[in-house]
Amino acid sequence: MKSSSHIHDQGPARGPRLDAPAPAAGEGGLVQGWLRFWFSPTDPLVLHGLRVLGGLLFLVWLLTLAGQRHALFGLDGWFDQKAYVETNRIPGGSPQPLTWSLTYLAKSPGALEAVYWGSVAAIALFTVGVLPRLTGVLTWLAVASFTASPIAGSDADPLLLLLAFYLAVGYLLVGLSGNRSWLNRILGPVLVWPLRPAPEGEESAGANVAVRLIQVHLAVVIVVSGLHKLQFGDWWAGLALWYPLYPPMETTLAQARQHAGPGAESYLAMLNVAGYAALAWQIGFPLYAWRPRFRWVLLTGAFVGWVSMAFIYQVPLFGEALFIGLLAFCSPAGVRGLLSRLSRRSASAAATPGAVVARQDRTVHVMGAS
Amino acid sequence: MPQATSRLLPGAVPWWAASLGSLAIGFHLFAVVINSLAAPSGPWPTMQGADMFTPPQFAFSFNRDITDRQDVSYLGALKMTHNYHFQTNTTRLPDVAFEVRLKDREGNVVETRRFPDKDANYWVRHRQAQIARWLAADRAVPPPGGEVVPAPGRAVPKVRFWEPVKDKNRHFYLEERDEHLVPRDQPTWQPSEWSMILARSYVRHLCRETGANSGELVRHTREAVVPAILFEEDAKQEALLDFTERFNIFGEFPK
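Residues numbered from 1 in each chain as written. Chains lettered and ligands numbered in written order. Predicted model: local features only at pLDDT ≥ 70, side-chain atom pairs only at ≥ 80, totals over all residues. Heavy atoms only, no water.

### Some words on the overall build of chain B
And step 1. Check the secondary structure of chain B and you find six helices and ten strands.
And step 2. Based on the C-alpha atoms only, the size of chain B along its principal axes is roughly 80 × 50 × 50 Å.
And step 3. Per-residue burial over chain B gives 45% buried out of 255 residues.
And step 4. Contacts in chain B between residues far apart in sequence, at least 24 positions, make up 62% of those at least 6 positions apart.
And step 5. Of the roughly 13,800 Å² of accessible surface on chain B, 56% is carried by carbon and sulfur atoms.
And step 6. Mean positive and mean negative side-chain charge positions of chain B (31 and 31 charges, respectively) differ by 6 Å. (Helix = DSSP H or I, 4+ residues; strand = E, 2+ residues; numbered from the N terminus. Buried < 20%, exposed > 50% of the residue type's maximum accessible area, 1.4 Å probe, protein only. Contact = heavy atoms within 4.5 Å. Areas by Shrake-Rupley, 256 points an atom, 1.4 Å probe, with all protein chains shown as cover. Lys, Arg positive; Asp, Glu negative; His and termini not counted. Charge placed at Lys NZ, Arg CZ, Asp CG, Glu CD.)

Quick look at the structure:
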């Protein structure tokens with residue numbers, strides 16, 4: 001396991017380096033600013049945290065579709081081989097891109113089983129931190145392959161792909177340099193956090209590149225999506241949030257009227273404010289996203305977005321993926337502080353003999369550990 | 001911000017790696033931004049009604065020639081061709097569901113399945129709802145220009161479009177007529193070729209799954225409930241009609 005103990009990019013000198021002391025803010029001009037932004041070594045704990053949460057998200061996404069895996073991903077499923085052939089003949093091309101997927105290589109149900117469960121295994125290993133350089137790439141291949149269906153795509157899919165790709169890139173870059181064997185450089189660390197402690201002081205420029213790519217790409221996604229909303233009158237009128245609250249197949253006019261209650265105007269005014277707040281949060285995102293004092297705005301907005309996407313829009317995984325991605329803006333010191341608080345709390349709970357924990361309708365006595 | 005506390009330590013990135021990395025990052029993010037810009041916008045109001053507008057030429061050209069080429073697509077290989085114009089940004093959409101009436105060899109209905117299936121889990125139901133949305137992607141049939149004279153030995157091109165079912169309110173079936181016989185005095189709509197491919201494929205899948213011989217697919221749509229109803233004490237009959245379900249019969253497809 002020796003290889004796993006070196007995950008930071010400390011290698012022998014190879015030409016001029018960016019190893020000058022950090023210039024003061026504003027010093028060094030645009031080039032130095034760019035280099036500092038992208039290539040400053042940073043604590044890889046944020047990348048590890050994103051990997052664990054992202055991996056859990058990928059597992060939830062894939063396992064919840066397990067019951068329909070052949071229908072969704074097989075070539076004799078919802079969109080069968082004949083449909084692919086017919087789609088290629090549509091004049092002007094398909095409205096949905098037909099892209100590559102490893103599932104297209106699975107010509108039999110057994111082969112699809114192997115690809116599916118192999119993918120689940122790779123994602124699980126990546127999530128816990130086993131051979132992340134290899135399992136990161138496999139995870140991206142799995143996410144890219146199982147989001148390829150041209151008919152059952154979801155708004156969440158591009159966010160899953162974004163996370164999977166940059167996490168894979170991150171672990172390809174982490175631990176590239178340093179005094180180590182070629183095999184070790186190719187395979188990367190064997191184990192990473194949480195299977196192996198991530199000591200304070202460990203730093204990696206590769207981790208910074210990956211985290212920065214997630215940050216900047218998500219900023220593009222959020223702003224573009226916000227500007228796209230301005231193409232619709234319902235967002236200008238502040239009424240866009242009304243419609244997902246009343247799905248036409250499930251709501252009668254009487255129910256909608258009853259739900260709005262007697263103060264219909266106040267109710268609509270409240271929806272106006274919520275709609276404009278969502279637009280402001282999205283379009284103004286780059287103005288506050290990189291300012292630590294506004295971190296609460298970022299995270300509160302992400303949380304509200306998560307809840308509303310899941311429960312109002314009924315779009316699974318979109319809000320979760322966005323929220324996890326936006327955790328890339330958290331500082332490593334903050335993440336370390338949170339983790340140490342959590343571990344202290346769990347240690348003190350474990351050290352209290354006979355501590356009583358109420359869990360749902362039963363009581364569990366946790367025996368104190370010595 | 002993760003890097004607020006970071007310093008440029010000994011062991012940081014060599015200049016050559018930083019330069020190459022900068023080029024790669026710059027190209028990649030530029031491609032992502034250009035791809036987001038290279039999307040049609042709209043619908044915007046015009047003198048001829050609502051219409052979509054073309055993307056900015058520079059973004060469209062760059063995307064077509066460099067980042068998302070037909071033959072070698074950089075973003076396509078990375079699966080990053082989404083332009084982040086999310087479907088959920090359009091909130092005022094009709095709700096769509098569909099049912100498939102599965103039939104045996106004698107043409108008897110042996111089973112009817114409705115999608116999104118309320119018994120499926122939340123995640124699968126969402127994917128079924130996506131299919132239903134694609135089935136609702138109708139498009140306007142261009143009005144016929146004039147009498148068509150087919151080439152010798154060739155038939156007159158035919159057009160499929162939605163026609164109301166007689167004596168059945170808000171039911172439509174797919175009528176196929178010669179191109180020049182499409183009604184001129186009313187807006188006429190048809191399912192897209194993509195919707196038809198999808199409908200046939202889904203019916204084939206259900207036939208394989210159940211052993212049925214064929215299946216008839218019927219689309220159900222209901223228009224969005226508009227906030228204006230809050231201020232209509234007694235909903236007018238016309239308004240009420242708009243909120244009732246509409247049925248489009250795609251037809252019977254073999255296994």
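### Looking at the nonpolar core
And step 1. Ranked by size, the top nonpolar core spans 146 residues in total, and within it L50, W78, W242, F285 and L326 of chain A together with F98 and L217 of chain B carry the most contacts.
And step 2. Ranked by the residues each element gives to this core, the list is headed by helix α9 (residues 205-229) of chain A, at 15 residues. (Core = buried A, V, L, I, M, F, W, Y, C linked by side-chain atoms within 4.5 Å.)

### Describing the packing of helix α1 (residues 29-39) of chain A against helix α1 (residues 15-37) of chain B
The relative placement of two packed helices is expressed as an angle between their axes plus a distance between the axes.
And step 1. Two elements in contact, α1 of chain A and α1 of chain B, have axes whose closest approach is 11 Å; the angle formed by their N-to-C orientations is 85°. If you check the angle between α1 of chain A and α1 of chain B, you find them roughly perpendicular. Residues Q32, W34, L35, W38 and F39 of chain A of α1 of chain A touch α1 of chain B, and the partners they reach there are W15, A18, G21, S22, I25, G26 and L29 of chain B.
And step 2. The residue inventory of the contact of α1 of chain A with α1 of chain B, partitioned by class, reads eight nonpolar, four polar and no charged. (Axes fitted to C-alpha atoms, helices over the stretch in contact; angles between N-to-C directions. Parallel < 35°, antiparallel > 145°, perpendicular 65-115°, else oblique. Nonpolar A, V, L, I, M, F, W, Y, C, P; charged D, E, K, R; others polar.)

### Topic: α1 of chain A
And step 1. Of all the positions in α1 of chain A, only L35, W38 and F39 of chain A are classed as buried. The arc that holds every buried residue of α1 of chain A, seen down its axis, measures 80°, which confines them to one face.
And step 2. Packed against the buried residues of α1 of chain A are α9 of chain A together with α1 of chain B. (Arc of directions from axis to C-beta.)

### A closer look at the sheet that holds strand β6 (residues 158-164) of chain B
All names here are of chain B.
And step 1. Across the sheet, which stays open at both edges, the six strands sit in the order β4-β3-β9-β10-β7-β6 with mixed pairing between neighbours. A strand with exactly one partner marks an edge of an open sheet, and here the two such strands are β4 (109-115) and β6. Adjacent strand axes in the sheet meet at a mean angle of 30°, parallel and antiparallel pairs treated alike.
And step 2. Of the strand pairs in this sheet, strand β3 (residues 95-103) and β4 are connected by six bridges, and their pairing is antiparallel. Across the sheet, residue E99 finds its bridge partner in β4, namely R114.
And step 3. The strands touched by helix α4 (residues 122-135) within the sheet are β3, β4, β9 (214-222) and β10 (246-254), with β3 carrying the most contacts at an inclination of about 95°.
And step 4. In the packing of helix α5 (residues 193-210) onto the sheet, the strands contacted are β3, β4, β6, β7 (171-178), β9 and β10, and the crossing angle to β10 comes to about 60°. (Pairing = 2+ DSSP bridges.)

### Examining unusual backbone geometry
Leaving glycine out, the prevailing phi sign among residues is negative, and the prevailing peptide bond configuration is trans.
And step 1. In this chain, G42 of chain B is followed by P43 of chain B through a cis amide linkage whose omega measures 5°.
And step 2. You can see P43 of chain B is positioned in strand β1 (residues 41-46).
And step 3. Geometrically, the link from F115 of chain B to P116 of chain B is a cis peptide bond, its omega value of -5° lying close to zero.
And step 4. The topology assignment puts P116 of chain B in the loop between β4 and α4.
And step 5. Although it is not a glycine, Q314 of chain A adopts a positive phi angle of roughly 60°.

### Quick notes on the pattern of salt bridges
Residue and element names in this part refer to chain A.
And step 1. In total, this model carries 22 salt bridges over all chains according to the counting rule given.
And step 2. R336 is paired through a salt bridge with D43; the nearest N and O atoms lie 2.6 Å apart. Remark: D43 occurs in the loop between α1 and α2 (45-64) and R336 occurs in helix α17 (residues 332-351); sequence separation between them is 293 residues.
And step 3. Accessibility expressed as a relative area gives 17% for R336, which makes it buried.
And step 4. Classification of D43 as buried rests on a relative accessible area of 10%.
And step 5. E113 is the salt-bridge partner of R69, the closest N and O atoms lying 2.6 Å from each other. Residue R69 is located in helix α3 (residues 69-73), and its partner E113 is located in helix α5 (residues 109-128); the two are separated by 44 residues in the primary sequence. (Salt bridge = Lys/Arg side-chain N within 4 Å of Asp/Glu carboxyl O.)

### Structural notes on the interface of chain B and chain A
And step 1. Across the boundary between the two partners, chain B contributes 86 residues, which contact 110 residues of chain A.
And step 2. Across the interface of chain B and chain A, roughly 8,800 Å² is buried in total on both sides, 66% from carbon and sulfur atoms.
And step 3. Joining chain B to chain A, the criterion identifies five salt bridges.
And step 4. In this structure, D80 of chain A and R204 of chain B form a salt bridge, with 2.7 Å as the shortest nitrogen-oxygen distance.
And step 5. There are 33 residue pairs in polar contact (both at pLDDT 80 or more) connecting chain B and chain A.
And step 6. At the level of elements, α1, β1, α3 (74-78), β3, α4, α5 and β9 of chain B are the ones that each hand at least two residues to the side of chain B that touches chain A.
And step 7. Broken down by element, the residue count for the side of chain B that touches chain A peaks at twelve residues, all from α1 of chain B.
And step 8. Of the residues assigned to the side of chain B that touches chain A, the class counts are 44 nonpolar, 28 polar and 14 charged. (Buried area = accessible area lost by both parts, 1.4 Å probe. Polar contact = N/O pair within 3.5 Å; in protein donor to acceptor, adjacent residues only side chain to side chain.)

### Quick notes on the confidence of the model for chain B
Residues and elements named next belong to chain B.
And step 1. Chain-level statistics for chain B give a pLDDT mean of 87 and a share of 90% at 70 or above.
And step 2. Within the model, the stretch residues 1-10 combines pLDDT values under 50 with 36 contacts to residues more than four positions away or in other chains.
And step 3. Both confidence scores are given for the complex: pTM 0.88, ipTM 0.89. (pLDDT = per-residue confidence, 0-100.)

### Quick notes on a nonpolar patch on the surface
All names here are of chain A.
And step 1. Taken together, the side chains of F303, V304, V307, F311 and I312 make up a nonpolar region of the molecular surface, amounting to roughly 470 Å² of accessible area.
And step 2. Within the secondary structure layout, V307 lies in helix α15 (residues 295-311).
And step 3. According to the relative accessible area criterion, V307 is partly exposed, its value standing at 33%. (Patch = residues over 30% accessible without salt bridge, like charges linked within 9 Å, V, L, I, M, F, W, Y side chains within 5 Å.)

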